[in-house]
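# Structure at a glance
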Amino acid sequence: MLNYQKKLEEQLDGICSQNRKSVLLHACCAPCSSYVIEYLSEFLDITLLYFNPNISPEEEYRKRLKEVERLIGEMPLKSKVKLLAGRYEAKEFFEIARGLEDLPEGGERCFKCYRLRLEEAARLGAENGFDFFGTTLSISPHKNAEKLNLIGEELGERYGIGYLYGDFKKKNGYKRSIELSGIYGLYRQNYCGCVFSRNEAEKTGRV
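An account of the accompanying structure is given in this report.

Criteria and cut-off values
- Residues numbered from 1 in each chain as written.
- Predicted model: local features only at pLDDT ≥ 70, side-chain atom pairs only at ≥ 80, totals over all residues.
- Heavy atoms only, no water.
- Disulfide = S-S within 2.5 Å.
- 1 Å grid on protein atoms, 1.4 Å probe; cavity = no way out; pocket = protein on both sides within 12 Å on 5 of 7 lines; lining within 4 Å.
- Points joined across faces, edges and corners; volume = space filled by probe spheres on them.
- Helix = DSSP H or I, 4+ residues; strand = E, 2+ residues; numbered from the N terminus.
- Nonpolar A, V, L, I, M, F, W, Y, C, P; charged D, E, K, R; others polar.
- Core = buried A, V, L, I, M, F, W, Y, C linked by side-chain atoms within 4.5 Å.
- Buried < 20%, exposed > 50% of the residue type's maximum accessible area, 1.4 Å probe, protein only.
- Contact = heavy atoms within 4.5 Å.

### Quick look at the state of the cysteines
Inspection of the entire model under this criterion finds 0 disulfides. In this structure Cys-28 is not part of a disulfide, and its nearest cysteine sulfur, from Cys-32, lies 3.8 Å away.

In structure tokens:
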């Protein structure tokens, strides 16, 4: 597998030699966003896109959104981070998950979910003149960074916008996100977000 953290560092080196660039960064939750925005705000103007139709129930979706709002309001950063709250239509997720309901977490259903959320970031990023789009998802040890980056690269080419590579769990990124969650008292959910991941967590005693 390619070292996507190294690819990101190469991108950021290039960015630093130019005028400051903007990124529309898909955010899944506050804990995963914490380290990523701390790191990237030194280099880029960040707008977080909270678009997660996979999360259910809606109460859980709203709870995670409020935590993202609180985090960017309280966290001192190199530059101000904006928030764009996307639409919430759970049916969008259930449509792409049809026929894959019984697969374990981390398989094809999850890959389709990556694509659903990344495509919205690519589309909105291109439409609104951002230089790059990306996602915080790769900070999780449960997410497939290679798949995320391959999907992002493909969508960047399709929509004509730069894709910001990343494997944010590297260089103690995940550990730092846990530290920041403690500092800001962030709500750390115990399942990914969808009803299928919740069911799996319940079976293993995590919920």
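Continuing now.
### A short note on the layout of surface pockets
Here the idea is plain: a probe the size of a water molecule rolls over the atoms and shows the empty space left. The volume enclosed by the largest pocket comes to roughly 500 Å³. Ser-140, His-142, Gln-189, Tyr-191 and Cys-192 are, among the 22 residues lining the largest pocket, the residues nearest its centre. Looking at the lining of the largest pocket, the elements with two or more residues in it are helix H2 (30-40) and helix H7 (173-184). Within the lining of the largest pocket, the residues separate by chemical class into 10 nonpolar, 6 polar and 6 charged.

### Re the nonpolar core
If you look at the biggest cluster of nonpolar residues, it comprises 62 residues, and the most contacted ones within it are Ile-37, Leu-40, Leu-44 and Leu-48. Beyond its immediate sequence surroundings of up to four residues, Ile-37 is in contact with Leu-25, Ile-46, Leu-48, Leu-71, Ile-72, Met-75, Leu-77 and Val-81.

### Focus on empty space enclosed by the protein
Tallying each qualifying case throughout the model produces 1 cavity of 30 Å³ or more. Of the voids in this model, the largest cavity is the one considered here, and its volume is about 120 Å³. Along the wall of the largest cavity there are 14 residues; nearest its centre are Glu-105, Cys-110, Cys-113, Cys-192 and Cys-194. Sorting elements by how many residues they give to the lining of the largest cavity places helix H5 (residues 108-127) first, with 5 residues. Of the residues in the lining of the largest cavity, the class split is 6 nonpolar, 4 polar and 4 charged.

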